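# Working through the structure, step by step
The primary structure of each chain is shown beneath.
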Amino acid sequence: DPLGLNIPTTLIDDTSVISAANVCDQNQDLREGGTEKRYEAHGMIDTAVSPDKNIKDILSSMHGTLVFSNGKFKIKAGTTKTAVLSIDENDFVSGIQISPRLSRRENFNAVKGQYISPTNNFQPTDYPPITSSVFQNEDNGEQIFRELNMPFTTSTAMAQRVSKIALFRARQPLAFQSTHKLSVLGLD
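Calculation criteria
Residues numbered from 1 in each chain as written. Predicted model: local features only at pLDDT ≥ 70, side-chain atom pairs only at ≥ 80, totals over all residues. Heavy atoms only, no water. Salt bridge = Lys/Arg side-chain N within 4 Å of Asp/Glu carboxyl O. Helix = DSSP H or I, 4+ residues; strand = E, 2+ residues; numbered from the N terminus. Buried < 20%, exposed > 50% of the residue type's maximum accessible area, 1.4 Å probe, protein only. Phe/Tyr/Trp six-rings, centres within 6.5 Å; stacked < 30°, edge-to-face > 60°. Lys NZ or Arg CZ within 6 Å of the ring centre and 35° of its normal. Contact = heavy atoms within 4.5 Å. Polar contact = N/O pair within 3.5 Å; in protein donor to acceptor, adjacent residues only side chain to side chain.

### Comments concerning the pattern of salt bridges
One pass over the full model with this rule turns up five salt bridges. Residues Arg161 and Glu36 are paired through a salt bridge, measuring 3.1 Å at the closest nitrogen-oxygen approach. One end of the pair, Arg161, is in helix 4 (residues 156-170); the other, Glu36, is in strand 2 (residues 35-37), and 125 residues separate them in sequence. Since its relative accessible area comes to 16%, Arg161 is described here as buried. Here Glu36 falls in the buried class, since its relative accessible area comes to 16%. Note that Asp139 is salt-bridged to Arg171, the shortest N-O span being 2.8 Å. With Asp139 in the loop between helix 3 (133-138) and strand 8 (145-147) and Arg171 in the loop between helix 4 and strand 9 (174-177), this pair connects stretches of sequence that are 32 residues apart. Under the relative-accessibility criterion, Asp139 is labelled buried at 6%. Residue classification places Arg171 among the buried positions, given a relative accessible area of 13%. The structure contains a network of salt bridges with shared partners spanning Glu138, Asp139 and Arg171.

Okay, structure coming up:
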C-alpha cells in the first residue's frame with residue numbers, strides 16, 4: 001500500500017508473520033485471575049507520520065522486531081526460544097570481538113512509561129514500573145529508569161510484560177561478532 005512501505009507482498013516472509021501471530025495469541029495467566037493474550041495491538045495509524053514510526057509503534061506492543069533478511073521482511077515477537085543450534089570453537093573461522101551492548105550512560109535497571117488505558121478513556125496513562133533490586137545493586141544502588149511508551153498497548157499486564165523483556169534483554173551486557181563456517185547459517 002502506498003501509505004505503508006509500498007512493497008510487494010512477496011517480500012514479506014509469511015512464516016515469520018504467522019509465527020509472531022502465534023506467539024501473540026498465547027494465553028497468559030493474570031495475577032488477579034483469568035487470562036489474556038500475550039500481546040495485542042490496539043490503536044490508530046497516523047498517516048501524517050512516517051510508516052517507519054507507525055510500524056515501530058505497533059511492534060512496541062509485542063516487543064517485536066522487523067528485519068530484512070535473505071530478501072524478505074521478517075517479524076519477530078518478544079518471547080523466549082529453545083536453542084535449536086549448538087556451536088563450538090570448530091565453527092569459528094575468525095576470532096571473536098566482544099563489545100558491551102549498552103554504554104554506562106545508556107544502561108538502566110528499571111522501566112517506566114505509558115500505555116493507552118481503557119479505564120482512563122483511552123488516554124496515555126503510567127503503568128506500574130518494572131524494577132529489579134538485583135540490577136540496582138549491580139549499579140551501586142542507583143535506580144536508573146528507561147522510559148518505554150507503548151501507544152498500541154491497552155493492558156497494564158501487557159505493558160509490564162514488554163517492559164520486563166526490555167529490562168532483562170538490556171542486562172545481557174555483551175554482544176559478539178565473528179565469522180563462522182556455513183554450518184552456523186541457520187543461527188537466528
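### Quick word on the packing of aromatic side chains
The geometry of an aromatic ring pair is captured by the separation of the ring centres together with the interplanar angle, meaning the angle of the planes. Applying the stated criterion to the full structure yields two aromatic pairs. Relative to Phe168, the ring of Phe135 has its centre 5.3 Å away and its plane inclined at 65°; by these criteria the two rings are edge-to-face. You can see Phe135 sitting in helix 3 and its partner Phe168 sitting in helix 4, a full 33 residues away along the chain. For Phe135, a relative accessible area of 11% gives the class buried. For the cation-ring pair, Lys112 lies above Phe145, with the distance from its terminal atom to the ring centre recorded as 4.9 Å.

### Focus on unusual backbone geometry
Phi angles above zero are rare outside glycine, and Asn70 is one such case at about 55°. Relative to the helices and strands, Asn70 is located in the loop between strand 3 (65-69) and strand 4 (72-76). With relative accessibility at 75%, the residue Asn70 sits in the exposed group.

### Some details on the environment of Arg38
Mapped onto the fold, Arg38 is located in the loop between strand 2 and helix 2 (51-60). A sequence separation of 10 residues divides Arg38 from Gln28, and the C-alpha atoms of the two residues are 5.6 Å apart. In contact with Arg38, other than residues within four places in its own chain, are Val23, Cys24, Gln26, Gln28, Gly78, Thr79, Met158 and Arg161. A polar contact of 2.7 Å, which involves the side chain of Arg38, links it to the side chain of Gln26.

### Section: the environment of Ile116
Structurally, the position occupied by Ile116 is in strand 6 (residues 110-117). Along the sequence, Ile116 and Thr154 sit 38 residues apart, while their C-alpha atoms lie 4.9 Å from each other. What Ile116 contacts, discounting residues up to four positions off in sequence, is Phe122, Gln123, Pro124, Met150, Pro151, Thr153 and Thr154.

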